Amino acid sequence: MEDKMNISQAIIKRIFELCDERNLTINALSNLAGVTQSTVNNIVSGTTYNTGVATIQKLCVGLNITLRDFFDSEIFSNIIPDYD
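Keep in mind that this is a model prediction, so the values were computed, not measured.

What counts, and at which threshold
Residues numbered from 1 in each chain as written. Predicted model: local features only at pLDDT ≥ 70, side-chain atom pairs only at ≥ 80, totals over all residues. Heavy atoms only, no water. Helix = DSSP H or I, 4+ residues; strand = E, 2+ residues; numbered from the N terminus. Buried < 20%, exposed > 50% of the residue type's maximum accessible area, 1.4 Å probe, protein only. Core = buried A, V, L, I, M, F, W, Y, C linked by side-chain atoms within 4.5 Å. Contact = heavy atoms within 4.5 Å. Phe/Tyr/Trp six-rings, centres within 6.5 Å; stacked < 30°, edge-to-face > 60°.

A. Structural view of the environment of Ile80. Within the secondary structure, Ile80 sits in the segment after α5 (67-71). Judged by its relative accessible area of 40%, Ile80 is partly exposed. The spacing of Ile80 and Lys4 is 76 residues in sequence and 6.3 Å in space, taken between C-alpha atoms.

Structure (structure tokens):
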């Protein structure tokens, strides 16, 4: 069972998991996805708190997966809701 985390933490964890599975660096992912390295760095460092679905979609293209594949992970099973 995964630890509870918020959605931003889960997205970060999932990006690293998918990169590790494919032996990709964050820089390589940004190049494949057509997203600036600073944008991806801001996401994975937690600087960008609410990553847009369009950006996640671009990352999925770079990873050669669908949005469904991205979110189809136990990581997203125990999300703590954020009420800002």
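B. Quick peek at the nonpolar core. With 22 residues, the main nonpolar core has Ile11, Ile15, Leu59 and Phe70 as its most contacted residues. Mapped onto this core, the elements with two or more residues apiece are α1 (7-22), α2 (26-33), α3 (37-45) and α4 (53-63). With six residues, α1 is the largest single contributor of residues to this core. Setting aside its immediate chain neighbours within four residues, Ile11 contacts Ile43, Ile56, Phe70 and Phe76.

C. The packing of aromatic side chains, seen in detail. Per the counting criterion, the structure on display carries three aromatic pairs. Arranged with centres 5.0 Å apart and planes meeting at 80 degrees, the rings of Phe70 and Phe71 form a pair that is edge-to-face. An aromatic cluster is built from Phe70, Phe71 and Phe76, whose rings are joined through pairwise contacts.

D. A look at the side chain of Arg14. By secondary structure assignment, the location of Arg14 is in helix α1. Given a relative accessible area of 7%, Arg14 falls into the buried group. For Arg14, the contacting residues outside a window of four places in its chain are Asp69, Phe70, Asp72, Ser73, Ile75 and Phe76.

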